[in-house]
Every structure is written in C-alpha cells, then in structure tokens.
Amino acid sequence: RVSGQLLAAYGALEEEVARSPLAVTSAAITQAGVTTAVAWNFTQKMHPEVVPAANYPALVALSAKAERLPEFMAAPHGDSTYRRDS
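Residues numbered from 1 in each chain as written. Predicted model: local features only at pLDDT ≥ 70, side-chain atom pairs only at ≥ 80, totals over all residues. Heavy atoms only, no water.

**As for the overall build of the protein**
Per the secondary structure count, the protein includes four helices and zero strands. Of the regular secondary structure in the protein, the N- to C-terminal order runs α-α-α-α. A buried classification covers 24% of the 86 residues belonging to the protein. For the protein, contacts bridging at least 24 residues in sequence account for 65% of all contacts bridging at least 6. Only carbon and sulfur atoms are counted for the fraction: they give 60% of the accessible area of the protein, which is about 5,700 Å². (Helix = DSSP H or I, 4+ residues; strand = E, 2+ residues; numbered from the N terminus. Buried < 20%, exposed > 50% of the residue type's maximum accessible area, 1.4 Å probe, protein only. Contact = heavy atoms within 4.5 Å. Areas by Shrake-Rupley, 256 points an atom, 1.4 Å probe, with all protein chains shown as cover.)

Structure follows, in structure tokens:
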C-alpha cells in the first residue's frame, strides 16, 4: 500500500513538473522546488529500486539541476554537516 501511494504521488508530481517546470536557480528556486528536489534525491538514495528513475525524467532533471546549486552542494545528503564557503 505504501509503495503504491509513493508511486502514485511521484507519478502525479512527474506530470506536474513536466507540464509546468519549476525554476531551479539560486535566485528563483521556491519552496516547491527545494522540497521536490530534496524528496526525489532522498528517495533515490534510500529506495531507488522502488521508484525507478527512468520513469520520472522531469524529476531526475530537476533534482540534478538543484543538486548542482551552491546551496545544495553546501549540505549534501548524508553528510550532516553544512559547509559554509567563506
């Protein structure tokens, strides 16, 4: 049941992001973009076998672009330490 809910949610999110792409720049990313990118990246790190990336190209692209932003690179998944570039 939970896997079905997860796949349904990612299916709907994929459709929405493909239809109406979110801005992914340091100046323009919104909470929706941050949340989507973080949730996707986390899911792919923890359970890629449940949510195959090949089925969600818009989410893959959004997350990859977000992960290249300096703000995301300063706090990578699994590191637990924010790195401030001074």
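There's plenty left to go through after this.
**Here we look at the side chain of Glu14**
Positionally, Glu14 belongs in helix 1 (residues 2-19). Arg19 provides the closest opposite charge to the buried, salt-bridge-free Glu14, at an N-O distance of 12 Å. Residues contacting Glu14, with those up to four places away along its chain left out, are Asn55, Tyr56, Pro57, Ala58 and Leu59. (Lys, Arg positive; Asp, Glu negative; His and termini not counted. Salt bridge = Lys/Arg side-chain N within 4 Å of Asp/Glu carboxyl O.)

**Concerning the side chain of Asn41**
Position of Asn41 among the secondary structure elements: in helix 2 (residues 31-46). Those residues in contact with Asn41 that sit more than four places away from it in its chain are Ser63, Glu67 and His77.

**Some remarks on the packing of helix 1 against helix 2**
Between helix 1 and helix 2, the least distance of the axes is 13 Å, while the angle of their chain directions is 135°. Put simply, helix 1 runs oblique to helix 2. Between helix 1 and helix 2 lies a crossing of left-handed hand. Here helix 1 contributes Leu6, Tyr10 and Leu13 to the contact with helix 2, which in turn contributes Thr36, Ala39, Trp40 and Thr43. (Axes fitted to C-alpha atoms, helices over the stretch in contact; angles between N-to-C directions. Parallel < 35°, antiparallel > 145°, perpendicular 65-115°, else oblique. Left-handed = near helix turned anticlockwise from the far one by under 90°.)

**Looking at the pattern of salt bridges**
Enumeration over the complete set of coordinates arrives at one salt bridge. The residue Arg19 makes a salt bridge to Glu16 at a minimum N-O spacing of 2.2 Å. Of this pair, Arg19 and Glu16 are both found in helix 1, three residues apart, which corresponds to roughly one turn of the helix. Under the relative-accessibility criterion, Arg19 is labelled exposed at 60%.

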